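Descriptive analysis of the structure
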Amino acid sequence: MGLFKKYIKTYSGLSPEVWMLSLIMLINRSGSVVLPFLSVYLAKVLHFDLRQTGIILTAYGLGSLTGSWLGGWLTDKFSSFSIQSSSLFLSGIGFLILRELDSFNTLVIGFFLITVITDSFRPANASSIAQYSKPENLTKAYSLNRMAINLGFALGPAIGGVLAAQSFGLLFLADGLTCFAASAVFIIYFYSKQKAEKDARDQALKEDTSIPKKPYLDLIFVLFCISTFGFAVVFFQLLNTLPLYYSESYRLNETLIGYLLGLNGLLVFLLEMPLVDSLSKKNALRAIVTTGTLMAGISYLIFNFSSGMLVLIVAMTLLSISEILVMPFLTTYTVNRAGNKSRGKYLGVYGMSYSLALIVAPALGTYLVDLSGFDILWYTMFGISILSALGFIAVIKPGDN
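In this report, we go over the structure that sits alongside the text. (Residues numbered from 1 in each chain as written. Predicted model: local features only at pLDDT ≥ 70, side-chain atom pairs only at ≥ 80, totals over all residues. Heavy atoms only, no water.)

Another aspect to go through is the packing of aromatic side chains. For the coordinates displayed, the defined rule picks out 29 aromatic pairs. Between Phe221 and Phe224 the ring centres are 5.7 Å apart and the planes differ by 25 degrees, which places this aromatic pair in the stacked class. Linking Phe221 with Phe224, this pair stays in helix α11 (residues 219-235), spanning 3 residues, or about one helical turn. Residue classification places Phe221 among the buried positions, given a relative accessible area of 0%. A connected cluster of aromatic rings, assembled from ring pairs, spans Phe221, Phe224, Phe231, Phe235, Phe236, Tyr333, Tyr346, Tyr350, Tyr354 and Phe392. (Phe/Tyr/Trp six-rings, centres within 6.5 Å; stacked < 30°, edge-to-face > 60°. Helix = DSSP H or I, 4+ residues; strand = E, 2+ residues; numbered from the N terminus. Buried < 20%, exposed > 50% of the residue type's maximum accessible area, 1.4 Å probe, protein only.)

Here it is, written out as structure tokens:
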């Protein structure tokens, strides 16, 4: 019971608004059922070839890149409330429209626009979390939000599999309806708070005499984002080449692959909050982030030296802990470096690092596998993790948080 109480205590200190933002994220991400089945839908239902499918998936990634930048810029221009509520509501409409599209050209445009809209939500949401958090609880607040995302993504594919068995059109309907549900919950809860939010933001800006910063001209931050991109390229092998490795090298069926990938979400859900609560008190950001970055590379490297189901479980555990050690702390660093006047822009550019990695990671991973096999892929990912760790060492100074 004492251990359980300690675990529950790690969730203390967070405001009701932060909890509500995480609940809204959970509702929204639980309905993210289109993306996991998108390539199947394009190939089996619409009968597009691999080239056409690749172009549509690239449009999806480019939309994410654009949405991250646009959402950050709009958040600094307007309120995070207006950006989040608009993004959620328009996303619901967008998925319902996508359900009716079936030609190649309209789908390229449609998937680009829908991800511009959906991903503009992320920097606004991250900015809102910072606003409703105490500085000492900021990393914990982002961890709670990420836990909601992970739980939502664990539920989403499971729900999507059931729906897809009935009709792929239900996937778009489910995504649209959960966007509307998240929008309704968000507006109902935060509508009465938006004036106070705006007043608090205006007051903070008035008291802040610093000059607004431009993330593109902040060399340290640009290098930080390049290192983040490198880490993300390594980590996102989880979404594409790692399942391929399970299938081709170990002949695992879809059920076992699903269990291994689900282990990531489960471990992050169980371990992130207590680990972040403990580590955030140590004021050792550089050591935490570099350790996590190297751990991601090592989680793949061990495939070249050992084999067996136990190795797959150990590797996934290392990769999951790596995610915990890196992602919430990088978001906190971004918010703290940006300051009040440029928070949205900085978060937008930071988000673009992941969006770009989502485009590059599958292309690079599959190219290396096709060229020289999985061994060279895992060595390359380890090499990239070393370069990224060195980048973080160079830009994150002792005392940064």
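Now for the environment of Gly383. Mapped onto the elements of the fold, Gly383 is located in helix α17 (residues 374-395). On the accessibility criterion, Gly383 (28% relative accessible area) is partly exposed.

Here the focus is the pattern of salt bridges. Going through the model one piece at a time under the given rule, you end up with 6 salt bridges. A salt bridge links Arg146 to Glu323; its shortest N-O distance comes to 3.2 Å. Pair noted here: Arg146 is in helix α8 (residues 138-166) and Glu323 is in helix α15 (residues 309-338), with a separation of 177 residues, a long-range link. Of the two residues examined, Arg146 and Glu323, each falls in the buried class. As a salt-bridge pair, Arg337 and Asp218 come within 2.8 Å of each other at their nearest N and O atoms. A residue pair is termed long-range when its members are at least 10 positions apart, and Arg337 in helix α15 and Asp218 in the loop between α10 (194-207) and α11 qualify at 119 residues. (Salt bridge = Lys/Arg side-chain N within 4 Å of Asp/Glu carboxyl O.)

Further remarks concern helix α3 (residues 38-45). Since one α-helical turn is 3.6 residues long, residues separated by three or four positions face the same way. Every buried residue of α3 is accounted for by Leu38, Tyr41 and Leu42. Relative to the axis of α3, the buried residues are bounded by an arc of 95 degrees and lie together on one face. (Arc of directions from axis to C-beta.)

This paragraph deals with the side chain of Asp277. Mapped onto the secondary structure, Asp277 falls in helix α13 (residues 254-279). Asp277 has contacts with Thr10 and Lys140, leaving out every residue within four places of it along the chain. (Contact = heavy atoms within 4.5 Å.)

In this section: the packing of helix α5 (residues 80-98) against helix α7 (residues 121-131). Any two packed helices are characterised by how steeply their axes cross, that is the angle between the axes, and by the distance between the axes. Running from N to C, α5 and α7 point in directions that differ by 140 degrees, and their axes come no closer than 9 Å. In terms of their interaxial angle, α5 and α7 are classed as oblique. Crossing of α5 over α7 shows left-handed handedness. From α5, Ser80, Ile83, Gln84, Ser87 and Leu88 reach across to α7, where they touch Phe121, Ala124, Asn125, Ser128 and Gln131. For the contact of α5 with α7, a count of residues per class yields 4 nonpolar, 6 polar and no charged. (Axes fitted to C-alpha atoms, helices over the stretch in contact; angles between N-to-C directions. Parallel < 35°, antiparallel > 145°, perpendicular 65-115°, else oblique. Left-handed = near helix turned anticlockwise from the far one by under 90°. Nonpolar A, V, L, I, M, F, W, Y, C, P; charged D, E, K, R; others polar.)

Let us now look at the packing of α15 against helix α16 (residues 343-372). Interaxial distance between α15 and α16 falls to 8 Å at its minimum, and their mutual angle equals 145 degrees. Here α15 and α16 pass one another in a crossing that is right-handed. Each of Met327, Leu330, Thr331, Thr334, Val335, Arg337 and Ala338 in α15 lies in contact with α16, whose residues at this interface are Arg343, Tyr346, Leu347, Tyr350 and Tyr354. Residues belonging to the contact of α15 with α16 are distributed by class as follows: 8 nonpolar, 2 polar and 2 charged.

Its location among the elements puts Ser320 in helix α15. Given the relative accessible area of 0%, Ser320 is considered buried. Engagement of the side chain of Ser320 in a polar contact is seen with the side chain of Asn264, the distance being 3.1 Å. Those residues in contact with Ser320 that lie beyond four places of it in its chain are Leu263, Asn264, Leu267 and Val268. (Polar contact = N/O pair within 3.5 Å; in protein donor to acceptor, adjacent residues only side chain to side chain.)

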